[in-house]
Amino acid sequence: MLILVVNCGSSSLKYTLFQGEKERAAGLMEKLGGPVSDYTRLVDGIGKDPLRLAVPNHEQAIHLMMDCLLTDGVIRDARDINAVGHRVAHGGPDFTDAALIGERVRNNRIARELAPLHQANYEGIEACVKMMPATPQVAVFDTAFHQTIPPKAYTYALPYRFLTEHKIRKYGFHGTSHKYVAERGARLLGRPIRKLNLITLHLGNGSSLAAVRRGQCVDTSMGLTPLAGVVMGSRCGDIDPAIVPYIMGRENLDVKQVEQLMNKESGILGLSGISNDLREVIKQAKASNTRAQLALEVLAYSIQKYIGAYHAILGGTDALIFTAGIGEKSPEMRKNICAGLAGIGVKLDPSKNRKAVACEMLIHDKKSRIKVAVIPTREEYMIAQETKRILKARQTGGGARIKKVDK
Ligand code: AMP
């Protein structure tokens, strides 16, 4: 069975074609809409010559991807692809699970209004439906895994009508990743997920934590948008909301400018003045740059506070699970975060922590009350699995498990 996974970002297209567990082809197009777009791709794990050409929009990008799958000999016809799984950032309030793409997904007005920056997801869907009208397509929502969060955790203390009329509430993101690492983590620990309380830490350029009780998410750090929660590469995370009107007044900023400031100029980049890439900041911190050192401290502290809070609401934690760029590849940052958690019983094994770079591994000390794991995330693989599950449910007459969430 060939499953194509498509992930359209605002100016990028990432795809993987899975044949069972195997990645037959994968590609990344960047700078779509610009004068020159970059396209790199792999076929059976071997890199092809990169292409540099103007790709004006996502529809053209999907066409180019298909042309390359054909000319590289991966498929003979677009109809060889059995299903397409799309990453969709926002499912809005109605989707608690991945769903077969039909009118209900394509006309998901609330989600499209709530996530104007993720319109590209829908452009990718439209282009694929047009190109492969007979091929089943599935939307896998970043928000779906978080739909088990109870009202007390997802409701903001604004006038109630903002929840009912505008659907303003916590949705959470990176759900596919949190779900994958929670399930893999349980396997690595050798225990059923229904008997575990886990805190999953997706720490990359964007970062979020999730509190997972017996396999179900009960809270997460991102909110209505992916700006909330812990400090990120260039996003500020949680701040006093009164700061926003205050700085708008002081610096004469409009709404767009303040959004840009909080999303693109803050976080590790804003604090350090160096980069949004943690590797650079760690390097400078080691060279005694005090702003870089402060940025690392603020980052670790913001994560420690969420872990403490989730440990409390879970009623105890069995394991912390680190994933994504920083979580998988930065022993230094894992050490900094865990150093502040001795009070709840977290103790790393320094040698295991150092060794665990981009591989699945347990890294806690024998005496640690809370286990600590590193699990590389596999969002594309998970989207392919979810796509398969939804198709199977349809074939067996179960249909996609779509529940309307009561608002
Ligand atoms: P992601 O968004 O999951 O692709 O993660 C990307 C981020 O991971 C980069 O911007 C870096 O900040 C971070 N990262 C990747 N490798 C390392 C590393 N070896 N040490 C520290 N941070 C890293």
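First things first, this report covers the structure right here in the doc.

Quick notes on the rules
- Residues numbered from 1 in each chain as written.
- Predicted model: local features only at pLDDT ≥ 70, side-chain atom pairs only at ≥ 80, totals over all residues.
- Heavy atoms only, no water.
- Phe/Tyr/Trp six-rings, centres within 6.5 Å; stacked < 30°, edge-to-face > 60°.
- Helix = DSSP H or I, 4+ residues; strand = E, 2+ residues; numbered from the N terminus.
- Buried < 20%, exposed > 50% of the residue type's maximum accessible area, 1.4 Å probe, protein only.
- Lys NZ or Arg CZ within 6 Å of the ring centre and 35° of its normal.
- Pairing = 2+ DSSP bridges.
- Contact = heavy atoms within 4.5 Å.
- Axes fitted to C-alpha atoms, helices over the stretch in contact; angles between N-to-C directions.
- Salt bridge = Lys/Arg side-chain N within 4 Å of Asp/Glu carboxyl O.
- Left-handed = near helix turned anticlockwise from the far one by under 90°.
- Nonpolar A, V, L, I, M, F, W, Y, C, P; charged D, E, K, R; others polar.
- Arc of directions from axis to C-beta.
- Core = buried A, V, L, I, M, F, W, Y, C linked by side-chain atoms within 4.5 Å.

1. So, the packing of aromatic side chains
Thought 1: Counting across every chain of the model gives five aromatic pairs.
Thought 2: A centroid spacing of 6.2 Å and a plane angle of 65° characterise the contact between Phe 18 and Tyr 381, whose relative ring orientation is edge-to-face. Here Tyr 381 lies in helix α16 (residues 379-395) and Phe 18 lies in strand β2 (residues 12-19), a separation of 363 residues in the sequence.
Thought 3: A relative accessible area of 13% means that Tyr 381 is categorised as buried.
Thought 4: Ring pairing ties together the aromatic residues Phe 18, Tyr 180 and Tyr 381, which thus form one cluster.
Thought 5: Positioned above the aromatic ring of Tyr 154, the side-chain terminus of Arg 169 is 3.7 Å from the ring centre.
Thought 6: In this arrangement the basic side chain of Arg 169 is found over the ring face of Tyr 171, its NZ or CZ atom lying 4.7 Å from the centre.

2. What about the sheet that holds strand β15 (residues 371-374)?
Note on sheets: strands pair through backbone hydrogen bonds, and any given pair is parallel or antiparallel.
Thought 1: What the six strands build is an open sheet, ordered β12-β11-β10-β13-β15-β14; its pairing is mixed. This sheet does not close on itself; its edge strands, each paired only once, are β12 (216-220) and β14 (361-362).
Thought 2: As defined by bridge partners, strand β11 (residues 207-213) adjoins β12 across four bridges and the pair is classed as antiparallel. Across the sheet, the residue bridging to Ala 210 is Thr 220, located in β12.
Thought 3: The sheet strands contacting helix α7 (residues 175-189) are β10 (197-203), β11, β13 (319-323), β14 and β15, and the helix crosses β10 at an angle near 130°.

3. With respect to the pattern of salt bridges
Thought 1: Scanning the entire structure with this criterion turns up 21 salt bridges.
Thought 2: Among the salt bridges present, the one from Arg 106 reaches Glu 126, with a minimum N-O distance of 2.8 Å. In this pair, Arg 106 is assigned in helix α2 (residues 103-106) and Glu 126 in helix α4 (residues 119-131), connecting sequence segments 20 residues apart.
Thought 3: Given a relative accessible area of 22%, Arg 106 falls into the partly exposed group.
Thought 4: Put simply, Glu 386 and Arg 389 hold a salt bridge, and the shortest N to O gap is 3.0 Å. Of this pair, Glu 386 and Arg 389 both sit in helix α16, three residues apart, which is roughly one turn of the helix.
Thought 5: The structure contains a network of salt bridges with shared partners spanning Asp 97, Lys 179, Glu 386 and Arg 389.

4. A short note on the packing of helix α8 (residues 243-251) against helix α9 (residues 255-264)
Thought 1: Two elements in contact, α8 and α9, have axes separated by 10 Å at closest approach and are oriented at 115°. When the axes of α8 and α9 are compared, the crossing they make is right-handed. Note on element contacts: α9 touches α8 through Val 255, Val 258, Leu 261 and Met 262, opposite Val 244, Ile 247 and Met 248.
Thought 2: Of the residues assigned to the contact of α8 with α9, the class counts are seven nonpolar, no polar and no charged.

5. A closer look at helix α14 (residues 331-339)
Thought 1: Buried within α14 we find Pro 331, Met 333, Arg 334, Ile 337 and Cys 338. Down the axis of α14, the sector holding all buried residues measures 160°, keeping them to one side.

6. Focus on the pairing of β11
Thought 1: Along β11, six of the seven residues are buried, which leaves the element largely enclosed by surrounding structure.
Thought 2: When β10 meets β11, the two strands line up antiparallel, connected through seven bridges. From the neighbouring strand, Leu 201 faces β11, where its bridge partner is Leu 209.
Thought 3: Remark: three residues form the turn of the hairpin made by β10 and β11, two consecutive strands paired antiparallel.
Thought 4: From the end of β11 to the start of β12, which pair antiparallel, there are two residues, and Arg 214 there has a positive phi angle of about 50°.

7. Quick look at the nonpolar core
Thought 1: Within the largest apolar cluster, 38 residues are counted, with the highest numbers of intra-cluster contacts made by Leu 201, Leu 209, Ile 303, Ile 307, Leu 320 and Ile 337.
Thought 2: Looking at which element gives the most residues to this core, the answer is helix α12 (residues 290-314), with ten residues.
Thought 3: The contacts of Ile 307, once residues within four sequence positions are left out, are Ile 199, Leu 201, Leu 209, Leu 320, Ile 337, Leu 341 and Ile 344.
Thought 4: Ala 182, Ala 210, Ala 373 and Ile 383 belong to the second-largest nonpolar core, a separate cluster that totals 31 residues.

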